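In case you want the letters, here they are:
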Amino acid sequence: MKLSGGVEWGLHCCVVLCGAGAPVPAAKLAELHDVSPSYLAKQLQSLSRAGLVRSTQGQSGGYRLTRDAAEITMLDVVEAIDGPQPPFRCTEIRRRGPMAVPPERCTTPCPIARVMDSADRAWRESLRAVTIAELAAEVDTTTPRELLDRARAWLSA
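Residues numbered from 1 in each chain as written. Predicted model: local features only at pLDDT ≥ 70, side-chain atom pairs only at ≥ 80, totals over all residues. Heavy atoms only, no water.

- An unreviewed UniProt entry lists the chain under the name Rrf2 family transcriptional regulator, with Cryptosporangium japonicum as the source organism.

**Description of the nonpolar core**
For step 1, the next point in the chain: Within the largest apolar cluster, 31 residues are counted, with the highest numbers of intra-cluster contacts made by Leu 29, Leu 47, Val 77 and Ile 132.
For step 2, the next point in the chain: Of all the secondary-structure elements, those providing two or more residues to this core are α1 (5–19), α2 (26–33), α3 (37–49), β2 (62–65), α4 (74–82) and α6 (132–142).
For step 3, the next point in the chain: For this core, the leading source of residues is α1, giving seven residues.
For step 4, the next point in the chain: Those residues in contact with Leu 47 that lie beyond four places of it in its chain are Gly 10, Cys 14, Leu 52, Val 53, Val 77, Ala 80 and Ile 81. (Core = buried A, V, L, I, M, F, W, Y, C linked by side-chain atoms within 4.5 Å. Buried < 20%, exposed > 50% of the residue type's maximum accessible area, 1.4 Å probe, protein only. Helix = DSSP H or I, 4+ residues; strand = E, 2+ residues; numbered from the N terminus. Contact = heavy atoms within 4.5 Å.)

**Quick look at the pattern of salt bridges**
For step 1, the next point in the chain: Summed over the entire model, instances satisfying the criterion amount to eight salt bridges.
For step 2, the next point in the chain: Between Arg 67 and Asp 76 there is a salt bridge; the shortest N-O distance is 3.7 Å.
For step 3, the next point in the chain: Residue Asp 76 is classed as partly exposed on the basis of its relative accessible area, which comes to 26%.
For step 4, the next point in the chain: Of the charged contacts in the structure, one is a salt bridge between Arg 124 and Glu 79, with a shortest N-O distance of 2.8 Å. Remark: Glu 79 occurs in helix α4 and Arg 124 occurs in helix α5 (residues 111–128); sequence separation between them is 45 residues.
For step 5, the next point in the chain: Within the structure, one salt-bridge network assembled from shared partners comprises Glu 79, Asp 120 and Arg 124. (Salt bridge = Lys/Arg side-chain N within 4 Å of Asp/Glu carboxyl O.)

**Structural notes on the packing of aromatic side chains**
Here the distance between the centres and the angle between the planes together describe a pair of aromatic rings.
For step 1, the next point in the chain: Summed over all chains, the structure comprises zero aromatic pairs.
For step 2, the next point in the chain: The aromatic ring of Trp 154 is capped on one face by Lys 28, whose charged end is 4.4 Å from the ring centroid. (Phe/Tyr/Trp six-rings, centres within 6.5 Å; stacked < 30°, edge-to-face > 60°. Lys NZ or Arg CZ within 6 Å of the ring centre and 35° of its normal.)

**Side note on the state of the cysteines**
For step 1, the next point in the chain: Counting across every chain of the model gives zero disulfides.
For step 2, the next point in the chain: A disulfide-free cysteine, Cys 13 has its sulfur positioned 7.1 Å from the sulfur of Cys 14, the nearest such atom.
For step 3, the next point in the chain: For Cys 13, a relative accessible area of 0% translates into the label buried.
For step 4, the next point in the chain: Looking at the unpaired Cys 106, the closest cysteine sulfur is the one in Cys 110, lying at 8.6 Å.
For step 5, the next point in the chain: In this structure Cys 106 comes out as buried when scored by relative accessible area, which is 12%. (Disulfide = S-S within 2.5 Å.)

**Concerning the layout of surface pockets**
For step 1, the next point in the chain: Computed from the structure, the largest pocket encloses a volume of approximately 850 Å³.
For step 2, the next point in the chain: Together, 31 residues line the largest pocket, and Val 16, Leu 32, Ala 151, Arg 152 and Leu 155 are the ones closest to its centre.
For step 3, the next point in the chain: Residue assignment for the lining of the largest pocket shows that the elements contributing at least two residues are α1, α2, α6 and α7 (145–156).
For step 4, the next point in the chain: Sorting elements by how many residues they give to the lining of the largest pocket places α7 first, with eight residues.
For step 5, the next point in the chain: Its residues assigned to classes, the lining of the largest pocket comprises 19 nonpolar, nine polar and three charged. (1 Å grid on protein atoms, 1.4 Å probe; cavity = no way out; pocket = protein on both sides within 12 Å on 5 of 7 lines; lining within 4 Å. Points joined across faces, edges and corners; volume = space filled by probe spheres on them. Nonpolar A, V, L, I, M, F, W, Y, C, P; charged D, E, K, R; others polar.)

**Focus: the side chain of Gln 43**
For step 1, the next point in the chain: As for its position among the elements, Gln 43 is in helix α3.
For step 2, the next point in the chain: Beyond its immediate chain neighbours, meaning those up to four positions away, Gln 43 contacts Gly 6 and Ile 81.

**Side note on unusual backbone geometry**
For step 1, the next point in the chain: A positive phi angle, close to 55°, is found at Asp 34, a residue other than glycine.
For step 2, the next point in the chain: Asp 34 sits in the exposed class, given a relative accessible area of 71%.
For step 3, the next point in the chain: For Glu 92, which is not a glycine, the phi torsion comes out positive at approximately 55°.
For step 4, the next point in the chain: Note on placement: Glu 92 falls in the loop between α4 and α5.

What follows is the structure, encoded as structure tokens:
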């Protein structure tokens with residue numbers, strides 16, 4: 001599977017927003033992750049279109065999750081940014097060339113397509129099983145406390 005870089009940034013932003021007590025401006029998220037504000041804005045727009053985050057305007061505006069982080073999965077974020085299309089699309093190569101199999105003899109899916117589809121389903125199920133809340137909890141247990149405290153203070157400043 002090849003995912004766009006935006007998926008990583010989208011997941012990081014969702015984890016940050018999960019622990020934020022107030023909306024976080026896009027510029028602050030971009031600065032925190034050392035990424036281009038315009039690039040991150042595109043990812044946040046995708047998350048917003050998918051209904052995962054919403055922005056509020058004004059002095060205390062910014063982004064926040066639209067629902068509890070335990071209700072948003074990694075797959076939700078991946079599909080919001082990269083789309084729901086499977087990475088493999090069978091073009092029925094077995095029906096082409098000098099040894100082409102006639103369409104009426106292709107009564108079962110191509111073995112390659114079947115394996116790729118199975119792998120895609122397993123991958124999606126794996127991502128569907130992990131929520132943003134679970135990711136945030138893991139960040140809390142694997143990141144030094146002083147770093148988390150500094151990041152939270154910086155975000156709220």
